[in-house]
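# Chain and residue survey
Below are the chains, spelled out letter by letter.
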Amino acid sequence: MNDITASALNEQGTKEYEKGAYLAAAKLFAQAAQAYESANDPYNAAEARNNQSVALLQGGNANDALKATEGTEEIFAGAGDLKRQGIAIANRAAALEGLKKWQEALAEYDRAAAIFEQAGEGDMHSTIRKASANIHLKFGHVNSTQMDVYDSLRLVENPTFAQRIMRFLKRSGFIK
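Residues numbered from 1 in each chain as written. Predicted model: local features only at pLDDT ≥ 70, side-chain atom pairs only at ≥ 80, totals over all residues. Heavy atoms only, no water.

Another aspect to go through is unusual backbone geometry. For N40, which is not glycine, the phi torsion reads 60° and is therefore positive. Relative to the helices and strands, N40 is located in the loop between α2 (22-38) and α3 (42-58). Of note, the phi angle at K100 is positive, near 65°, even though the residue is not glycine. Within the secondary structure, K100 is located in the loop between α6 (82-98) and α7 (102-119). Take K100: its relative accessible area is 58%, and that puts it in the exposed class. (Helix = DSSP H or I, 4+ residues; strand = E, 2+ residues; numbered from the N terminus. Buried < 20%, exposed > 50% of the residue type's maximum accessible area, 1.4 Å probe, protein only.)

With 24 residues, the main nonpolar core has Y109, A112, I128 and I135 as its most contacted residues. Broken down by secondary-structure element, the contributors of at least two residues to this core are α2, α3, α4 (62-68), α6, α7 and α8 (122-138). With eight residues, α7 is the single largest residue contributor to this core. Core analysis: the next-biggest nonpolar cluster, separate from the first, contains nine residues, A6, L28, A45 and A48 among them. (Core = buried A, V, L, I, M, F, W, Y, C linked by side-chain atoms within 4.5 Å.)

Once that is clear, we can look at the packing of α7 against α8. It is the contact of α7 with α8, at a shortest axis distance of 9 Å, that shows an interaxial angle of 160°. Classified by the angle their axes make, α7 and α8 are roughly antiparallel. When the axes of α7 and α8 are compared, the crossing they make is left-handed. Taken together, the residues of α8 that come into contact with α7 (itself represented by W102, A105, L106, Y109, D110, A112, A113, F116 and E117) are M124, H125, I128, R129, A131, S132, I135, H136 and K138. Looking at side-chain class alone, the contact of α7 with α8 contains 11 nonpolar, three polar and four charged residues. (Axes fitted to C-alpha atoms, helices over the stretch in contact; angles between N-to-C directions. Parallel < 35°, antiparallel > 145°, perpendicular 65-115°, else oblique. Left-handed = near helix turned anticlockwise from the far one by under 90°. Contact = heavy atoms within 4.5 Å. Nonpolar A, V, L, I, M, F, W, Y, C, P; charged D, E, K, R; others polar.)

In C-alpha cells:
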C-alpha cells in the first residue's frame, strides 16, 4: 500500500467515526496505520493508532484501545511533538480509566497534563485536569478534586463565564 491509500483509509475512518460507527472507524484506522508503516511513515502510523484508540474506546473496547496506544508516545516524543505526545498519553489514560485502573489512569493524566503545560496547550491541560477530577470525585477525594478543578482553570486559554467567576473567587480568597 502507498501513502495515498493510507491517507484514504484514514479519511474514511474519520467519516465512519463522525457517523458514530466507532468499530468500523477503528478498523479503518488500524488499516491506515499498517499502510503508513508499510510506507515507512511511523509518525502518521502513530497518529492513526491514536485515532484507532479513541474509536475503540468510544465503541466500548477499552482493552484494545489501550493496546492501540502502545509505542505512539515514543514516536511523538522522538519527533519533538509535545502536543501529540500529550494526546497519546491522554488516550492511554482514558483507556486505563475505561478498564477501571484508576491509579494508573490518574498517573497518566498527570503526565499528560504536565506535557500539555510544557507545550503551552492550556485548553488541553484543562480538559485533562477535569478528567482527573472526575476520577477523584468518584472516590470522594474532595481535596484532590478541588485541586484538579482549580488547576484546570489556571491555563485555560478561553475561559467560559463560569470559569472566569471561579478564577475571580480563587484569587479573591473566597475559595481555597
